[in-house]
Structures are given as C-alpha cells and as structure tokens.
Amino acid sequence: MLRDTQGITDAQAVLPPVLVPVVSRFTGNLTCEEVAREASAELGAPIPVEVVVHLAAQLEGGLFLDGPVFRTARERVEREFVESAVRPATHAGAAYHGERAALERYIEQACLARAGDGPAATARSPANGMVALIAPHIDPWRGAVGYGHAYRTLGSAISSDVDTFIVFGTSHAPMREPFALCRKAFDTPLGTASLDALAATADGFDPYADQFNHKREHSLEFQVVFLKHVLRGREFRIVPILAGLGAAQASGQDPDGDARVARFVDGVRAVVESRPGRVVVVAGADLAHVGPRFGDAKAYGDEQRGGLEKVDRTSLAHASELDAPGFWAHVSADLDERRVCGLAPIWSLLRSVSGTRAQGRLLHYEQTVDDDDGSIVSHAALGFFA
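I will try to describe carefully the structure that is included in this document. Think of each chain on its own: its residues are numbered from 1, step by step along the sequence as written. A pLDDT threshold of at least 70 governs which residues receive local features in this predicted model, and a stricter bar of 80 or more applies before side-chain atom pairs are shown or counted, although totals over entire chains, interfaces and linings include all residues. Side-chain descriptors were evaluated using all non-hydrogen atoms of the structure, hydrogens and water having been removed beforehand.

1. Regarding the overall build of the protein
Threshold: The numbering of helices and of strands both runs from the N terminus, where a helix is a DSSP run of H or I of at least 4 residues and a strand a run of E of at least 2. The globule rule used for comparison is 2.2 Å times the number of residues to the exponent 0.38, while the radius of gyration itself is calculated over C-alpha atoms. For every residue, the accessible area (1.4 Å probe, protein chains only) is compared with the maximum for its type, and the residue is labelled buried under 20%, exposed over 50%, or partly exposed between those bounds. Pairs of residues are marked as contacts when any of their non-hydrogen atoms sit within 4.5 Å. Accessibility throughout is a Shrake-Rupley quantity obtained with a 1.4 Å probe, and a residue counts as covered only by protein chains that appear here.
In terms of regular secondary structure, the protein is built from 13 helices and 13 strands. For 386 residues, the compact-globule estimate of 2.2 N^0.38 gives 21 Å, and the C-alpha radius of gyration of the protein, at 22 Å, lies within 12% of that figure. Overall size of the protein, expressed as C-alpha extent along the three principal axes, is 75 × 50 × 45 Å. For the protein, the proportion of its 386 residues judged to be buried stands at 51%. Long-range pairs, those at least 24 residues apart, make up 80% of the contacts in the protein with a sequence separation of at least 6. Here the protein displays about 17,000 Å² of accessible surface, and carbon together with sulfur accounts for 50% of that area.

Rendered as structure tokens:
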C-alpha cells in the first residue's frame, strides 16, 4: 500500500506484490518499454508494456508519481497551506478522537488516570517547577500510559507563570534545512493553540523553507492536544519547531559543528533564559524502532528486549544529565540498528535548556509491541525540573 505522508493526496494505492518489480523501476530513468523488459526478466514471466503504461497512468492520476501532474497539485496544496492562518488537526478522528467530549474522556481515563501520581509530581512553585519535558509521539492509542505520565506531571509541576511552550518534534518527512518553523496556530478538537513568534537566529538557512512539513506531521500535533487538555482554561502560546538535522544524523557528527545549527539552538536557549519560569520546552520524540516492520529479519526475543531497554536507558541517562554531546554520540552510534527517530528533537531540547541546570527525572519507559509481527517502538516520558 502506498500512502502520501506529506498530504498532497489522501488517497492510498494498493498494489499486488507481482507489480513491485515494475513500480520499483519507476525512477525516471527508464522508458515504459525498458521497465517492462527488465521486470519481465526479474519475474521470469512476460509483463506487457501496456500493463506498465496503464499502471503509470493510474499512479500519476492518483498523485503517486513525480511529474507535471503531481507538481501542479503540490503547488496548489502548498499555496493553500501557506495562505491558511491555522494548521488543521490533521490526525483528529484517526490517531485520536476527533470529537471533543470523547477526546477529553479518553485523555482523562485512558491516559492520565492510568499514570497515577507520577514520581515527579512535585510542588508547583517556580523554584522547583518543570522546565522541559520529553514525551512520546507514538499515537495516543498505543502510547496512552506514556502520555499520561508525561502530561499528568506537567499539569502538576509547572508554575502558573508559564505561558509559552517551545515544542520540538521529529520531522518524518525529508527536510532541506536543519529546522522548520511554522507561522500558524494549531487547531485541535479542544480549541486552537495560539502561535508565538520565535526571536531566534536562523543565520545561513531559511527556517520556513520546510514549513509544509508541518501539514501532516503528528509529532507536534499530539503534544498540542495534550497541552490543550491539561491546561484547559489557561492562555498559552506555542512555538512549533520540526527538527531534521539530517546531515548530522547521516554523518554521526555532533550538530554543534554546524554553525547554522549552533546559532539557532543558541537563539532558542536565549529565549528560555530571558524568560525564566515562563517558558517550558517540550520534545515529542520516540526512541527505538525495531522488528520486521522496520527492516529487521525477525522480532526481538526477551533477551534482545532486555538489551534494548538497557541501551535506551543509557541514552536517557545522558539526557537526564543535560549531556547533549553524550546523548548524540550514544544514539548516533547505533542509529541504523535502533532507529531512534527522536534523536534530533531531544538533542535540540537538551541544548535549549542546558543553561538552566535542570535535573532530569525519568517518569516512564515503555516498549510498545505490535500484535501482528512483534515489532517494537520504545518511548519514554522524562521531565526536567529546576
């Protein structure tokens, strides 16, 4: 099944496996005749060129092939997104309830109530309040308890002076630049979260070049939904930031070596330090992705799961100590094996609050196992307190 994660089309295309050798050759480098000839040789059975032409036409019409039709549609969708003042709640009704009352009941009963009294539900005064939070970005159906620990604690451990949340999220779509800001308020079934402009330095890159990635990205949307619930009745603003850092992840080098990245996160840090007790930094970030769904030969057994937890907790220990270089080095060392998709937003959070001397405290760790094939997504809730 093919689906478009960027939202140019909401359609899905289901292909029988026999056509995979055909579609995999739709690279722009072969004619339909050449595709038919090569696919026939791979399958050991003739694939008529008419089949290739028909399939290409269907995929092009469905906006699954790059070309003039797709680019025209993308320009239209991007223009509509740019002109809109509000980012719609893209995943409402699918990844979580789209109806307000049902969503409120679910968060209260399935998330917050199941978390109980979190270990960091401390006094609410600014002197020991929460200054940062790492929360899951797995869908709220599967990550209910993790979200519950994260946001039950946030709701009880931030001061009444907090009015701004800088939210870093993973970009699951490719990015041209290291970070992507968004000029739009975020809508949710619980109301709209107002936008706050970020007075940070983006010298050397355009922080809005990848703004379109915000359209369907769930890592930020889920955080805003929970913030709106636990802070209902309070006015607050958000600064939504997608973290890519693709070049650093590919090379394994600490992102601080890129002057553009360093200036940007230093700018975010300056905002945090200029408004003590009023800004909380949040990262919507999962940890490992292992098992057949993610390319491994088979599911992890009990011993492997125990080893995964040990490695995950070592990464989280670096994060708890606000050790951004250590966290980056530890996670990037086995990025191809663990596939930690939260590397960029967690590193960005650590750099942004490094001057606060906050103490990190692990609130929850979990491995969510897929019932179908045993694949695992691990995630955690980690709070930082002044």
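There's more to say after this.
2. Section: the pattern of salt bridges
Oppositely charged side chains are able to pair whenever their charged atoms sit close together. Going by this rule: In what follows, salt bridge is the name for a side-chain nitrogen of Lys or Arg lying within 4 Å of a carboxyl oxygen of Asp or Glu.
Overall, the coordinates contain 25 salt bridges when judged by the stated rule. Among the salt bridges present, the one from arginine 278 reaches aspartate 163, with a minimum N-O distance of 2.5 Å. Taken together, the residues arginine 278 in the loop between α9 (259-274) and β10 (279-284) and aspartate 163 in the loop between α6 (144-157) and β5 (164-170) connect sequence positions 115 residues apart. Across the pair arginine 338 and aspartate 312 runs a salt bridge whose closest N-O atoms are separated by 2.8 Å. With arginine 338 in helix α12 (residues 335-338) and aspartate 312 in helix α10 (residues 302-320), this residue pair connects regions lying 26 residues apart in the sequence. Relative accessible area serves as the criterion here: at 3%, arginine 338 is assigned to the buried category. Accessibility expressed as a relative area gives 0% for aspartate 312, which makes it buried.

3. Thoughts on the packing of α6 against helix α7 (residues 218-230)
We apply this condition: As a rule, the C-alpha atoms of each element are fitted with a line to give its axis, helices using only the stretch in contact, and angles between N-to-C directions run from 0 to 180 degrees. Note that the term roughly parallel is reserved for angles under 35 degrees, roughly antiparallel for angles over 145, roughly perpendicular for angles of 65 to 115, and oblique for everything else. Less than a right angle of anticlockwise turn of the near helix away from the far helix marks a crossing as left-handed, whereas a clockwise turn marks it as right-handed.
Interaxial distance between α6 and α7 falls to 10 Å at its minimum, and their mutual angle equals 45°. Between α6 and α7, the crossing angle belongs to the class labelled oblique. Crossing angle aside, the handedness with which α6 passes α7 is right-handed. Of the residues in α7, those touching α6 at Tyr147, Tyr151 and Leu154 are Phe222, Gln223, Phe226, Leu227 and Val230.

4. Some points on the nonpolar core
Convention followed: By nonpolar core we mean a set of buried residues, namely Ala, Val, Leu, Ile, Met, Phe, Trp, Tyr and Cys, connected to one another through side-chain atoms within 4.5 Å.
Of all hydrophobic cores here, the largest spans 51 residues; its most connected members are Ile166, Phe179, Ile241, Phe264, Leu349, Leu350 and Phe384. Discounting residues that sit within four places of it in the chain, leucine 349 has contacts with Ala132, Leu133, Ile134, Phe168, Val281, Val282, Ala283 and Phe384. Counting 45 residues, the second largest nonpolar core, distinct from the first, contains Tyr96, Val225, Leu231 and Leu363.

5. A closer look at the side chain of glutamine 223
Mapping glutamine 223 onto the fold places it in helix α7. Non-local contacts of glutamine 223, meaning those with residues more than four positions away in its chain, are made with Ala135, Pro136, His137, Tyr147, Tyr151, Val167, Val282 and Gly284.

6. Here's the deal with helix α11 (residues 324-332)
Stated precisely, the cut-off is as follows: Contacts described as polar in this section are N or O atom pairs within 3.5 Å, which, within protein, must combine one atom able to donate a hydrogen with one able to accept it, while residues neighboring in sequence count only if both atoms come from side chains.
Within α11, burial applies to Ala324, Gly326, Phe327, Trp328, Val331 and Ser332. The elements touched by buried residues of α11 are α8 (246-251), α10, α12 and α13 (343-352). Regarding α11, its N-cap is aspartate 323, as a side-chain oxygen of that residue lies 2.8 Å from the backbone nitrogen of glycine 326 further along.

7. Focus on the pairing of strand β8 (residues 191-195)
To keep it simple, the criterion reads: Being paired, for any two strands, means DSSP has found at least two bridges between them.
In this sheet, β8 lies alongside strand β7 (residues 185-188) in antiparallel orientation, the contact comprising three bridges. The residue bridging phenylalanine 186 from the neighbouring strand is alanine 193, located in β8. Between β7 and β8, which follow one another and run antiparallel, lie two residues. As judged from the two bridges shared by β8 and strand β9 (residues 237-243), these two strands associate in the parallel manner. Across the sheet, the residue bridging to leucine 195 is isoleucine 238, located in β9.

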